[in-house]
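# Structural features, examined
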Amino acid sequence: MTSRPFLSIVVPAYNEQAVIGRLIDSVRSELDASAHTWETIIVDDGSVDETARIVGDAARADQRIRLVEAPHRGKGAAVRQGFLAAQGTWVLMADADLSMPWNNLERFLAVASERTPPQ
């Protein structure tokens, strides 16, 4: 990434091969339609399935997607590692199963920016 993205999305993933491709596709389609620059950091938490390979393939095709491979230490550790790797002005966590609909993102950013003190 050559410049700092506006938004970093951190996704902890453990054995998510069934849903991780859909997550990546949804991030691309929804965020490409927005005005925001973005990166997605998927932290593979020691998966024993094809999660890391799927994400690695996507990362080679799109520099905005990053794979961080970690030993299995649990969701909290994966989220922390992803937040430490994030470069965005805003950082949020999303689950691989898309439990947070992307149509809430703009509403969240609008409210959050109203409450953020100027730097």
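Residues numbered from 1 in each chain as written. Predicted model: local features only at pLDDT ≥ 70, side-chain atom pairs only at ≥ 80, totals over all residues. Heavy atoms only, no water.

Looking now at the pairing of strand β3 (residues 65-70). Relative to β3, strand β2 (residues 38-45) is paired through 6 bridges, and the arrangement is parallel. Note that in β3 the partner of Thr40 across the bridge is Ile65. (Pairing = 2+ DSSP bridges. Helix = DSSP H or I, 4+ residues; strand = E, 2+ residues; numbered from the N terminus.)

Let us now look at unusual backbone geometry. Backbone geometry places Asn15, a non-glycine residue, at a positive phi of 55 degrees. In this structure, Asn15 sits in the loop between β1 (7-13) and α1 (20-32). Assessed through its relative accessible area of 30%, Asn15 is described here as partly exposed. Look at Leu98: it is not a glycine, yet its phi comes out positive at around 60 degrees. Within the secondary structure layout, Leu98 lies in the loop between β4 (90-93) and α4 (105-115). (Buried < 20%, exposed > 50% of the residue type's maximum accessible area, 1.4 Å probe, protein only.)

Here the focus is the side chain of Thr40. Assignment of secondary structure puts Thr40 in strand β2. For Thr40, a relative accessible area of 2% translates into the label buried. If we skip the residues at most four places from it in the chain, Thr40 touches Ile9, Val11, Val27, Arg64, Ile65 and Arg66. (Contact = heavy atoms within 4.5 Å.)

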